[in-house]
Amino acid sequence: MLIATASPTLAQETSEKSRAYDVAAEFRLIYERFGGAESLGEAISRPYYLGDTLVQYFERGRLERAGRSSNEPLGATRVSDLGRYLARLTGESIRPAFQPVRPVRNGLFFPGTEHSIREPVLTYWRNHGGIARFGPPISERYLKGSKSLQWFTKAVLEIEVQSSDAGKVETSDIGREYTSFPRYQRDDVESIVPLYAIDLDDPAQGLDVPIVYLHEVPDQQLFESQIVGLIQAGYTPIPLARLVRSLTCCATLPENPIVFTFDDGWKSQLTQALPVLVKHRVPATFFVLPGFDSKQPNHMSLDDFQTLADAGMSVQSHTINHAELPPLLRSNRGAAEAEVVESKQILEQFGGVDYLAYPFGAFDADTEILIIRTNYTAALSTRFGRVHFPRDLMRLSRIAVNPSAPASAVIANLNRAK
């Protein structure tokens, strides 16, 4: 069961239906993997949270990324089951075509739903993403108006039968149709507990969210004790992206949120910290140095970054060579630009790169301008603090943490930052 938090109000949705939105960084890879706008269509909503699950609507579907409370692996990204939900909302699911059938010789039968896919839908289904994009069929084909429809858990495929395009298979605009229903009806079919009246934290008043940062992690057991202690003390780990969205738009925060970040891409972060983060479903952001493993020992490689991304972690930029940006920018602007641009370009293969952590925590006004112009959404410093304002997006404060320290010592240091 999901809890709807930080989602657009009905009035907001109505005013936003004609707007176009950027694809959330967390969804860029899977969006392109499924064919981008040709498959899912344009984004028709901003990203927002259902509980701690991130969702975003597109013309022909919805993408979601699992949070800590999900039964799926942390960070798992998938196409939502809008076909199943919309079939209930529209009443289509009571049609005879939705009743189970026996296997047919000339089709692909799915025992789990007791329905088959036949040509020409089968070829389209296979060539455009198959089970991951469309899910299994939940109906047989049936005629409705000038089209033959077949419903899947994640989509509706339609065939023109009475026009010059007869026989052409297309994906219907299930996202637009689904969002045309009142939110309370959608919540009902998805078993979502509505909390739309919840007050959003006012970022102008400052958001109290400690962002901690760590470097080498020498002892897995001590680090796990620290993580467990913080969670037991009532801290709720959230992704860095959720804090940034709270500062820029319309995301709520849980009680006692905390953000975990790791700098420099040390190998020990992969071997000692990652297993603990995965075990306790703690989202974290790793600020890494692409290619640095060939220059300095004990640093992660590109393959290691993929391991982080596969585990649901966020892989973000720390420049290419751990360059101290302010003096480099003054002496060689081209080199400074390359440090932030090229690292972003290299790391895009592991997910959207929206954030940068300043090496050595060094920044100035010119450096902030550089980061803004190279399309980063936020940048993190090493300034000691835990209260953030929208004006601080290019200089977010953090708190250093010794990964071997007891949780009580970490909490004491967090309290000093108030």
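Provided above is the structure to which this section pertains.
What counts, and at which threshold
Residues numbered from 1 in each chain as written. Predicted model: local features only at pLDDT ≥ 70, side-chain atom pairs only at ≥ 80, totals over all residues. Heavy atoms only, no water. Helix = DSSP H or I, 4+ residues; strand = E, 2+ residues; numbered from the N terminus. Rg over C-alpha atoms; globule rule 2.2 N^0.38 Å. Buried < 20%, exposed > 50% of the residue type's maximum accessible area, 1.4 Å probe, protein only. Lys, Arg positive; Asp, Glu negative; His and termini not counted. Charge placed at Lys NZ, Arg CZ, Asp CG, Glu CD. Axes fitted to C-alpha atoms, helices over the stretch in contact; angles between N-to-C directions. Parallel < 35°, antiparallel > 145°, perpendicular 65-115°, else oblique. Left-handed = near helix turned anticlockwise from the far one by under 90°. Contact = heavy atoms within 4.5 Å. Expected span 1.5 Å × (residues − 1). Polar contact = N/O pair within 3.5 Å; in protein donor to acceptor, adjacent residues only side chain to side chain. Pairing = 2+ DSSP bridges. Right-handed = clockwise from strand over helix to strand, strands pointing away. Salt bridge = Lys/Arg side-chain N within 4 Å of Asp/Glu carboxyl O.

Turning next to the overall build of the chain. The helix and strand inventory of the chain stands at 16 helices and 22 strands. For the chain, whose C-alpha radius of gyration is 24 Å, the value lies close to the compact-globule estimate of 22 Å for 418 residues. Residues counted as buried form 56% of the 418 residues belonging to the chain. A distance of 4 Å separates the average location of the 43 positive side-chain charges in the chain from that of its 49 negative side-chain charges.

Cis geometry is adopted by the peptide bond preceding Pro120, which originates at Glu119 and carries an omega value of 0 degrees. Its place among the elements puts Pro120 in the loop between β7 (115-118) and α5 (121-127). You will see that Glu114, though not glycine, has its phi angle at about 60 degrees, which is positive. In this structure, Glu114 sits in the loop between β6 (107-110) and β7.

Now for the packing of helix α4 (residues 82-90) against helix α8 (residues 183-190). The geometry of α4 relative to α8 is characterised by a closest axis approach of 10 Å and an angle of 120 degrees between their N-to-C directions. Judged by the inter-axis angle, α4 sits oblique to α8. Crossing angle aside, the handedness with which α4 passes α8 is right-handed. Of α8, the residues touching α4 (which contributes Tyr85, Arg88 and Leu89) are Gln185, Arg186, Val189 and Glu190.

Before going further, it helps to examine helix α9 (residues 220-232). Counted at 1.5 Å a residue, the expected span for α9 with its 13 residues is 18 Å, and the 18 Å between its end C-alpha atoms agrees. All buried positions along α9 are accounted for by Phe223, Glu224, Gln226, Ile227, Gly229 and Leu230. For α9, the elements touching its buried residues are β14 (211-214), β16 (257-263), α11 (267-279) and α16 (407-416). Where α9 begins, one side-chain oxygen reaches toward the backbone nitrogen of Gln221, 3.0 Å away; that side chain belongs to Asp219. A positive phi of about 105 degrees marks Gly234, the residue just after α9.

Time to look at the pairing of strand β17 (residues 284-288). With respect to burial, β17 is a largely interior element, 5 of its 5 residues being buried. Residues of β17 alternate between two faces, with Ala284, Phe286 and Val288 on one and Thr285 and Phe287 on the opposite face, all of them buried. With 4 bridges joining them, β16 and β17 adopt parallel strand pairing. Looking at β17, one finds that Asp263 is bridged to Phe287. As judged from the 4 bridges shared by β17 and strand β18 (residues 314-317), these two strands associate in the parallel manner. Considered in β18, the bridge of Thr285 is made with Ser314. Each parallel crossover has a hand, and for β17 linked through helix α12 (residues 302-310) to β18 it is right-handed.

Moving on: the pattern of salt bridges. If you walk through the whole model with that rule in mind, you get 23 salt bridges. Ionic pairing is found between Glu26 and Arg245, a salt bridge with its closest N-O pair at 2.7 Å. In this pair, Glu26 sits in the loop between α1 (10-16) and α2 (28-33) while Arg245 sits in helix α10 (residues 240-248), placing the two residues 219 residues apart along the sequence. With relative accessibility at 14%, the residue Arg245 sits in the buried group. A salt bridge links Arg78 to Asp81, with the nearest nitrogen and oxygen atoms 3.1 Å apart. Judged by relative accessible area, Arg78 falls into the partly exposed class, the value being 21%. Of the residues examined, Asp81 reaches a relative accessible area of 16% and is grouped as buried. Each of Arg62, Glu64, Glu72, Arg78, Asp81, Lys154 and Glu190 takes part in one network of salt bridges that share partners.

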